[in-house]
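Structural characterization, general
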Amino acid sequence: MNTTQENNKDNQIEQIEKKVKIQKPKKADFRMHAHVNPLNETLFPYPLNYNQVDWSLHYPKKFGKDPLKLYLNTLEYPISYDDQVNPECSQSIVDFLDIGCGFGGLCFALSQNYPDKYTFGMEIRGKVVNFVGEKIRALRNEGEAHNVSVIRTNTMRHLPQYFRKNSLEKIFICFPDPHFKKKNYRRRIVNSGLLSEYAYLLKPNGRIYCITDVEELHNWHVQHLEKHRMFKRVQDVEEDSAAKLIWNSTEEGKKVERNKGSKFIIVCEKV
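Treat the numbers as computed from the prediction; the structure is a model and nothing was measured. (Residues numbered from 1 in each chain as written. Predicted model: local features only at pLDDT ≥ 70, side-chain atom pairs only at ≥ 80, totals over all residues. Heavy atoms only, no water.)

**Quick notes on the nonpolar core**
So the rule is basically this: Each nonpolar core is a collection of buried residues, namely Ala, Val, Leu, Ile, Met, Phe, Trp, Tyr and Cys, held together in the definition by side-chain atoms within 4.5 Å. Only protein chains enter the accessibility calculation, which uses a 1.4 Å probe; a residue whose area is less than 20% of its type maximum is buried, one above 50% is exposed, and one in between is partly exposed. In this description a helix means any DSSP run of H or I spanning at least four residues, a strand means any run of E spanning at least two, and both kinds are numbered starting from the N terminus. For this analysis, residues touch if any pair of their heavy atoms sits within 4.5 Å.
In this structure, F163, Y198 and I208 are the most contacted members of the largest nonpolar core, which totals 39 residues. Mapped by element, the contributors of at least two residues to this core are β1 (96–99), β2 (119–123), β4 (168–174), α5 (192–201), β5 (202–212), α6 (215–227) and β7 (264–270). When residues of this core are assigned to their parent elements, the largest contribution, five residues, is made by α5. If we skip the residues at most four places from it in the chain, F163 touches Y50, W55, S92, V94, L97, F120, M122, L168 and L201. L110, C174, V234 and V237 belong to the second-largest nonpolar core, a separate cluster that totals 19 residues.

**A short note on the UniProt feature "binding site: S-adenosyl-L-methionine" (unreviewed entry) in the protein chain**
The condition is simple: UniProt positions are given in the numbering used here, feature names are shortened, and annotations may be inferred rather than shown by experiment.
Summarizing the sequence annotation, UniProt attributes the feature "binding site: S-adenosyl-L-methionine" (unreviewed entry) to G100, E123, I124, N154, T155, C174, T250, E251 and E252 in the numbering used throughout. Looking at where G100 falls in the secondary structure, it is placed in the loop between β1 and α2 (105–113). In this structure, G100 is in contact with M122 and E123, ignoring residues within four places of it in sequence. Along the chain, E251 turns up in helix α8 (residues 251–258).

**A look at the environment of L110**
Relative to the assigned elements, L110 resides in helix α2. Owing to a relative accessible area of 0%, L110 belongs among the buried residues under this scheme. In this structure, the C-alpha to C-alpha distance between L110 and D98, residues 12 residues apart in sequence, is 9.8 Å. Excluding residues within four positions of it along the chain, L110 makes contact with F96, T119, F172 and L245.

**Considerations on the sheet that holds β2**
Basically, it comes down to this: Pairs of strands are assigned from DSSP output, requiring at least two bridges between the strands. To obtain each axis, a line is fitted to C-alpha atoms, and for helices this fit is confined to the stretch in contact; angles are then taken between N-to-C directions over 0 to 180 degrees.
The seven strands lie next to each other as β3-β2-β1-β4-β5-β7-β6, forming an open sheet whose pairing is mixed. Two strands in the sheet have a free side with no partner beyond their single neighbour: β3 (148–152) and β6 (231–233). With direction set aside, neighbouring strand axes in the sheet form an average angle of 20°. Of the strand pairs in this sheet, β4 and β5 are connected by six bridges, and their pairing is parallel. Within β5, the position partnered with F172 by the bridge is Y209.

Shown next, in the form of structure tokens:
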């Protein structure tokens, strides 16, 4: 085969690859119960410490790996945690963390608006994680979303096992389960103990964002954040571009908007 024929063959292969399009998933195929008890025993894998987290699985392009292979810690896309992680790959590159990311609306908005930052979504519901992961793969196939990833995990039980101290710039908690019954307050994702974990992981002057459509839960957020010695409330929230994004980027936020409901937000900075 001469050089001209080889070049023609390469061009044909390239054109075929460009025509192959990965379809974006449909939410209707990934619906499941809205809430999962975070205090239950974790029945899926999780790292014992942050040295077992291989970030090259989540942001493969940065590490020169196949960007279309998914590692979501679900049955369909499993992860195996062990001590054989390359030290270079165990150094977290995550800037923004979305806790309880749901269908990933905020993750994708952050990815687009902060292209030089790495966003990571954590979600406990396996089907929902698969939806976000498959959407990420479809976008990566189009040359996008290389700076966003998602994983199935239980943040309330395992968050410090993923990140080092002073490593995150922003933490987002959007429309969490209000757990109205008093006996279930301990399931709320904002409490004194968890706020100490968030403060430990945030960089100095890092920010935490909490938004809800439930005024009683908002008052709970305000009460716990304002009395925590590691946080101070940010007053000029309207000047924070990330705060604007959380208003309508999530599926829940859009639903509240359609129903003409109220939203309540508080942003605090690590002291």
